[in-house]
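The chain contents come next:
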Amino acid sequence: MEYHFTKHKGLFITGTDTGVGKTLIAGAVAKILSQKGKKTGVFKPIATGCKKTRQGLVSEDAEFLKRCTNTELGLEIINPVKFAKPAAPFACEKAENRKTDFVKIAVAYGQICSKNDYVIVEGIGGIRVPITKEIDVLELAKAFSLPVVIVARSKLGTINHTLLTIDAVRQAGLSLAGVIINGYDEKTKDFAEKTNTRIIQKLGKVKILTVVPFDKKTNMKKFIIGRKILKSLKKVNWLKIK
Ligand SMILES: Nc1ncnc2c1ncn2[C@@H]1O[C@H](COP(=O)(O)OP(=O)(O)OP(=O)(O)O)[C@@H](O)[C@H]1O
Ligand SMILES: [Mg+2]
């Protein structure tokens, strides 16, 4: 893809899969930075599975991200491309007879950058999720040229998914900021869960930015982020990541 969006300071948050905690972590980091007084923007370029409202399609991820910051920017800017079906954008573009408009994404992102010192971008699904026939999330990430953070599960199966994602990010020539292990059960007796983090760090030769515990007090629908989650993310010096 020959798109290059505005160059800015920030992060591109991807994951090893859908539902791994990208929005929760992106929102929590945005909240932490906003509370520190840093003007922090959030961006969800493409969302699928949007709810139908009187104002049109609305992404719950975008609503959550917006609530984590003090931004006055509207949801149309925070999430310019929306589809209704809960599927990959490439599947949606056919079914909903609309194409992903990358110019619209570039314009919205430019607006967010102009109003903020730091921007947190959430991808969609995992990095090989197709947006069009030619363009997947990894290609989209390249257009931002932001350091990439991979959110990974803590349980059995995560080594494979995480190492594959790390390889793809590096092969694309993107800067890999590190991996966040999310949803860790602090009382786990599970052998895989206890050993996964260390193995990913060693075999992936990657920085584990932090291990985020599972926090049952979290309720994204009510915009509540558990305190344990914020505590583990506050350990990272986000502004230093390049
Ligand atoms: N550490 C955690 N503790 C408790 N609940 C969590 C944690 N991480 C994620 N969740 C819950 O898991 C669900 C999925 O999280 P989230 O929406 O952030 O995932 P996602 O990767 O952004 O998904 P999508 O691919 O749909 O964008 C949410 O209900 C969230 O509250
Ligand atoms: Mg999400």
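Note that the structure is a prediction, hence the values are computed from the model and not measured.

*Asks:* Would you mind showing me how to read the overall build of the protein here?
*Replies:* For the protein, the count of helices and strands is nine helices and 10 strands. What you see for the protein is a C-alpha radius of gyration of 17 Å, in line with the 18 Å of a compact globule of 242 residues. Of all intrachain contacts in the protein linking residues separated by at least 6 positions in sequence, the fraction that spans at least 24 positions is 77%. Surface summary for the protein: the accessible area is close to 12200 Å², and the carbon and sulfur share equals 53%. Taken together, the 44 basic and 21 acidic charged side chains of the protein have centroids lying 7 Å from each other.

*Asks:* Could you clarify how one ought to interpret the side chain of S34 in this entry?
*Replies:* Assignment of secondary structure puts S34 in helix α1 (residues 22-35). Looking at S34, its side chain comes within polar contact range of the main-chain oxygen of A30, at 2.7 Å. Here S34 is in contact with T40, C68, T69 and N70, once residues within four sequence places are set aside.

*Asks:* Looking at this structure, how should I read the packing of aromatic side chains?
*Replies:* What characterises a pair of aromatic rings is the spacing of the ring centres plus the angle enclosed by the ring planes. Scanning the model with the defined rule gives nine aromatic pairs in all. Measuring from centroid to centroid gives 6.1 Å for F43 and F144, while their planes differ by 70 degrees, and the two rings are edge-to-face. Note that F43 is positioned in strand β2 (residues 40-43) and F144 in helix α6 (residues 137-144), a separation of 101 residues in sequence. Residue F144 is classed as buried on the basis of its relative accessible area, which comes to 0%.

*Asks:* Explanation requested: the sheet that holds strand β1 (residues 10-15) in the structure shown.
*Replies:* Each strand in a sheet pairs with its neighbour through backbone hydrogen bonds, running either in the same direction (parallel) or in the opposite one (antiparallel). Taken in spatial order, the six strands make up an open sheet running β2-β7-β1-β8-β9-β10, and their pairing is parallel. In this open sheet, the two strands that pair with only one neighbour each are β2 and β10 (208-213). Averaged over all pairs of adjacent strands, the angle between strand axes in this sheet comes to 20 degrees, irrespective of strand direction. Bridge count for β2 against strand β7 (residues 118-126) is four bridges, and the pairing is parallel. By the bridge assignment for β7, F43 is matched with V121. Where α1 meets the sheet, it contacts β1, β2, β7, β8 (148-153), β9 (176-184) and β10, and its direction lies at approximately 175 degrees from that of β7. Strands β2 and β7 of the sheet are contacted by helix α5 (residues 102-115), whose axis makes an angle of about 165 degrees with β2.

*Asks:* How do you make sense of the site of ligand 1 when you look at a structure like this?
*Replies:* Around ligand 1 sit 19 residues, and of these T18, K22, T23, L24 and N182 come closest. With respect to ligand 1, the side chain of D61 contributes an N or O atom lying 3.0 Å from an oxygen atom. Here a nitrogen atom of ligand 1 and a backbone polar atom of P213 are 3.0 Å apart. When isolated, ligand 1 has an accessible area of 630 Å², and the protein chains bury 75% of it. Spatially, ligand 1 is embedded in the largest pocket. Of all the secondary-structure elements, those providing two or more residues to the shell around ligand 1 are α1, β9 and β10. Among the elements that line the shell around ligand 1, the one with the most residues is α1, at three residues.

*Asks:* Any chance you could explain the coordination of the magnesium ion (ligand 2) here in plain terms?
*Replies:* Perfect tetrahedral coordination of a metal by four donors corresponds to 109.5 degrees between them, and perfect octahedral coordination by six donors corresponds to 90 or 180 degrees. Of the protein atoms, only T23 (OG1), D61 (OD) and E122 (OE) coordinate the magnesium ion (ligand 2), at distances of 2.0 to 2.3 Å. The sequence pattern describing where the donors of the magnesium ion (ligand 2) fall on their chain is T-x37-D-x60-E. Placement of the pair is T23 in helix α1 and D61 in helix α2 (residues 60-67), with a sequence separation of 38 residues.

*Asks:* How do you make sense of the nonpolar core when you look at a structure like this?
*Replies:* Note on soluble globular proteins: their nonpolar side chains tend to be buried together. Residues F43, Y109 and F144 are the most contacted members of the largest nonpolar core, which totals 43 residues. Broken down by secondary-structure element, the contributors of at least two residues to this core are α5, β7, α6, β8, α7 (158-171) and β9. For F43, the residues in contact, after removing those within four places along its chain, are I77, I78, P80, I105, A108, Y109, I112, V119, I120, V121, E122 and F144. Membership of the second largest hydrophobic core comes to 32 residues, among which are A62, V149, I225 and V236.

*Asks:* Just to check I follow, could you spell out α6 for this structure?
*Replies:* Given 3.6 residues to a turn, an α-helix orients residues that are three or four positions apart in the same direction. In terms of residue burial, α6 counts as a mostly covered element, since seven of its eight residues are buried. Residues of α6 that are buried: V137, L138, E139, L140, A141, A143 and F144. On the buried face of α6, the contacting elements are β1, β2, β3 (46-47), α5, β7 and α7. Capping the start of α6, D136 holds a side-chain oxygen 3.2 Å from the backbone nitrogen of L138, two or three residues further along.

Definitions and cut-offs
Residues numbered from 1 in each chain as written. Chains lettered and ligands numbered in written order. Predicted model: local features only at pLDDT ≥ 70, side-chain atom pairs only at ≥ 80, totals over all residues. Heavy atoms only, no water. Helix = DSSP H or I, 4+ residues; strand = E, 2+ residues; numbered from the N terminus. Rg over C-alpha atoms; globule rule 2.2 N^0.38 Å. Contact = heavy atoms within 4.5 Å. Areas by Shrake-Rupley, 256 points an atom, 1.4 Å probe, with all protein chains shown as cover. Lys, Arg positive; Asp, Glu negative; His and termini not counted. Charge placed at Lys NZ, Arg CZ, Asp CG, Glu CD. Polar contact = N/O pair within 3.5 Å; in protein donor to acceptor, adjacent residues only side chain to side chain. Phe/Tyr/Trp six-rings, centres within 6.5 Å; stacked < 30°, edge-to-face > 60°. Buried < 20%, exposed > 50% of the residue type's maximum accessible area, 1.4 Å probe, protein only. Pairing = 2+ DSSP bridges. Axes fitted to C-alpha atoms, helices over the stretch in contact; angles between N-to-C directions. Near = heavy atom within 4 Å. 1 Å grid on protein atoms, 1.4 Å probe; cavity = no way out; pocket = protein on both sides within 12 Å on 5 of 7 lines; lining within 4 Å. Sits in = over half its atoms within 2 Å of the grid points. Donors = N, O, S within 2.8 Å, 3.2 Å for Na, K, Ca; no water. Core = buried A, V, L, I, M, F, W, Y, C linked by side-chain atoms within 4.5 Å.

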